[in-house]
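So the chains spell out like this:
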Amino acid sequence: MTVNIPTGAPTAQFQSWNSIKWDPIEKHVKRLQMRIAKATREGRYGKVKSLQWLLTHSYYAKLLAIKRVTSNSGAKTPGVDGIVWNTSTHKKEAINLLKRKGYQPQPLRRVHILKKDGKSKRPLGIPVMQCRGLQALYLLALEPVAETLSDQHSYGFRPKRSCADAIEQCFNIFSRKTSAKYVLEGDIKSCFDMISHKWLLEHAPMDKIILEKWLKCGYMDKGTIYPTLLGFPQGGIASPTLLNLTLKGLDAKIASVTKTRDKVNLVVYADDFIVSGNSKDVLEDKVKPAIEEFLKERGLELSEKKTVITSIDKGFDFLGFNIRKYKDKLLIKPSKKNVNTFLRNIRDIIKSYPTCKTENLIYMLNPKIRGWVNYFRHVVSKDTFQYVDCQIFLMIWQWACRRHPNRSKEWIYNKYFLNPMLRPRGILRAKVSGTKGKKVVTLIRATTTLIRRHIKIKANANPFDPAFKSYFKRRDMKVNIKDDALPIF
C-alpha cells in the first residue's frame, strides 16, 4: 500500500480492509489537522477553509472516518435504510459514498432511551451509515478548529480531556480556605434539541451546505417523517463538538460582568456546568443573567428546576461526584445517587441470570465493576468501595443460596467463595478450562483498586499544537508531569 504521500488526496488502493496499515494514514491526517489548528491560531480563516476542504476530500481521511463508524459501539445499529457496514467489501465500497457532490442525507431513525433516573426517556436520532461516515469525515476537519477555540475549562467530548480533569478543576476552585463559598449548578433545558439552526449556520466553522443538510434532514418516528426546525441529533458523531462550539465564549461572557474578588470560575462538561461565586448575590444578580443572555442568542435556556445555587458546605453533585466542604476541608466522593444506581444495575444483572454458570456471571459483572471503579479511583472513595464490595457480596450470596435451597450455608460458601490461595476470602470464583488446563477466575473487588490523585490537564494544552507534543506523550505514559517550559494555568 502506498503511504509516502506528503500532501493532497491520495488515491492508494488496497486488497483487503484488514491489510491496511493505519499508522502512516493517521500521521498524514494528523499533519493536516495540525496545519488547520495553526491557521486558526493565526486567525487565517481563509487558509482554514482551504485546508478543511483538502482534508475532507482526502482518501486517507475517508479511510479513518469509515474505521471510526465501523468500530464504535453503535456500528451494528442501522439507520432507516437498515444498512450496516460490517464486511471488508462494504467498507471498501463506502469510500465512494463519502463525497460532498450529490450528497442527500436520509431522515434519522428516532428511538427513545431511558435517562439516568430509569423512568423518563429522551429521544435519540440514529443516522444512516453514509451520514455517520460523512460526519466522522467532516469532524476530522472541524475538531482542530473547535479544540483551538473552545474555552479552557470545557472538558466534555474533547480529545485528551475527561471527567477526571473537570473534577480536579473543581478541587482547585474550592479546596482553599479562601475559596468561593457558593456554586451555581447549571443545566440547559433540552440542549441538543433547542439550539438555533440560524445561529449555528452563521457561526460554525465548517462547510455550511453540509451542515445545513444535517440540520434539516428530519427524523422518522413510527413510520412518519417529521421535519427538524431546531437542534441537532444527540446520536450524531459530530454533535458533541458542535455543542462545544455553541457554548464557546461562555467563560468570557461571565468574566465581562464580574470582578476578580467575586471568585467566579466556570467548569463545563457538555451541557452541564458549574460556576463558583464568593456570594449568592453575585451568582444570582450577575452570573445567572449573563448566562441566560448568552444562551438566548443560541436559542437555549436554563432549566429552572435543575439550575440552583448551593453553599459548598452543603455540597453539590456534578458528573456523578459529590463535592462538599466539611469544616473547611474539601472532600470529593462518589455521589449517593450514582452508587445506588450502580448497585441497582448490578442487582438487575444478577437477578436476570439465576441459573447461569458462575464463570459467565463473573464475565458479565467484571467489566461493569472495573469501569465504575476506574471512574471514581481518583477521589475519596475508600469507604465507598468497601460498601460496594459488601453489597455485591450480599447480592451474590443471595444468588448462590437461591440456587441451592437444600444445601447448608457452609457448603454454599465452600463451593462459591472459599479459596485458600486468595486473600481476603469471600470472593466469588469459578474454575474454567483453558488452553493451559484449568484456571480460576474471580470477581473483581473494588477495594483492590489503588486510589491515586489525577493530574489535571493544562488548561491551554492542545493536542493539535506541536508545542504540546512531548507533554501529551508523557501524559500517555502516565508520568507525573512537572514541566517548567510551558506555563500551567
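Conventions we followed
- Residues numbered from 1 in each chain as written.
- Predicted model: local features only at pLDDT ≥ 70, side-chain atom pairs only at ≥ 80, totals over all residues.
- Heavy atoms only, no water.
- Helix = DSSP H or I, 4+ residues; strand = E, 2+ residues; numbered from the N terminus.
- Buried < 20%, exposed > 50% of the residue type's maximum accessible area, 1.4 Å probe, protein only.
- Contact = heavy atoms within 4.5 Å.
- Phe/Tyr/Trp six-rings, centres within 6.5 Å; stacked < 30°, edge-to-face > 60°.
- Pairing = 2+ DSSP bridges.
- Axes fitted to C-alpha atoms, helices over the stretch in contact; angles between N-to-C directions.
- Patch = residues over 30% accessible without salt bridge, like charges linked within 9 Å, V, L, I, M, F, W, Y side chains within 5 Å.
- Areas by Shrake-Rupley, 256 points an atom, 1.4 Å probe, with all protein chains shown as cover.
- Salt bridge = Lys/Arg side-chain N within 4 Å of Asp/Glu carboxyl O.
- Lys, Arg positive; Asp, Glu negative; His and termini not counted.
- Charge placed at Lys NZ, Arg CZ, Asp CG, Glu CD.

### Thoughts on the environment of I210
Here is step 1 of the chain: With respect to the secondary-structure elements, I210 resides in helix α9 (residues 208-215).
Here is step 2 of the chain: The exposure class assigned to I210 is buried, which follows from its relative accessible area of 0%.
Here is step 3 of the chain: Excluding its chain neighbours within four sequence positions, the residues that come into contact with I210 are R100, Y103 and Y138.

### Some points on the packing of aromatic side chains
Here is step 1 of the chain: Tallied over the entire structure, the rule returns 20 aromatic pairs.
Here is step 2 of the chain: Between F157 and Y269, the ring centres sit 6.0 Å apart and the planes meet at 45°, which makes this aromatic pair tilted. Separated by 112 residues along the polypeptide, F157 in the loop between α5 (129-149) and α6 (163-174) and Y269 in strand β6 (residues 265-269) bring together distant segments of the chain.
Here is step 3 of the chain: Ring geometry for W397 against F417: centres 6.0 Å apart, planes inclined by 45°, an arrangement best described as tilted. One end of the pair, W397, is in helix α15 (residues 382-403); the other, F417, is in the loop between α16 (409-416) and β12 (429-434), and 20 residues separate them in sequence.
Here is step 4 of the chain: For F417, a relative accessible area of 2% translates into the label buried.
Here is step 5 of the chain: Aromatic rings pair up to connect F321, F342, W372, Y375, F376 and F385 into one cluster.

### Regarding the sheet that holds strand β1 (residues 108-114)
Here is step 1 of the chain: Ordered by their spatial adjacency, 4 strands build an open sheet running β2-β1-β4-β5, and the pairing between neighbours is mixed. Looking at the sheet topology across the chains shown, the edges are occupied by β2 (121-126) and β5 (224-226). Within this sheet the neighbouring strands show an average axis-to-axis angle of 40°, counted without direction.
Here is step 2 of the chain: Relative to strand β4 (residues 219-221), β1 is paired through 2 bridges, and the arrangement is parallel. Across the sheet, residue L108 finds its bridge partner in β4, namely Y219.

### Digging into a positive patch on the surface
Here is step 1 of the chain: A contiguous patch of positive charge on the surface is contributed by K27, K30, K469 and K473.
Here is step 2 of the chain: At the level of elements, α1 (22-41) and α17 (469-476) are the ones that each hand at least two residues to the positive patch.
Here is step 3 of the chain: Inspection of the secondary structure puts K30 in helix α1.

### Some details on the pairing of strand β11 (residues 329-334)
Here is step 1 of the chain: By the bridge criterion, 6 bridges tie strand β10 (residues 321-326) to β11 in an arrangement that is antiparallel. Paired with I323 across the two strands is I332, which belongs to β11.
Here is step 2 of the chain: Here β10 folds back onto β11, and the loop between the two strands holds 2 residues, one of which, K327, carries a positive phi near 50°.

### Side note on the side chain of T384
Here is step 1 of the chain: Note on placement: T384 falls in helix α15.
Here is step 2 of the chain: Ignoring anything within four residues of it in the chain, the contact list for T384 reads P334, V339 and W372.

### A short note on the sheet that holds strand β8 (residues 308-311)
Here is step 1 of the chain: Taken in spatial order, the 4 strands of this open sheet run β6-β7-β3-β8, and their pairing is antiparallel. Each edge of the open sheet carries a strand with a single partner, namely β6 and β8. Going across the sheet, the axis of each strand differs from the next one's by a mean of 20°, ignoring polarity.
Here is step 2 of the chain: Direction of pairing for strand β3 (residues 182-187) relative to β8: antiparallel, over a ladder of 4 bridges. Paired with Y182 across the bridge in β8 is S311.
Here is step 3 of the chain: Relative to the sheet, α6 contacts β3, β6 and β7 (272-277), its axis offset from that of β6 by approximately 165°.
Here is step 4 of the chain: Strands β3, β7 and β8 of the sheet are contacted by helix α12 (residues 280-297), whose axis makes an angle of about 140° with β7.

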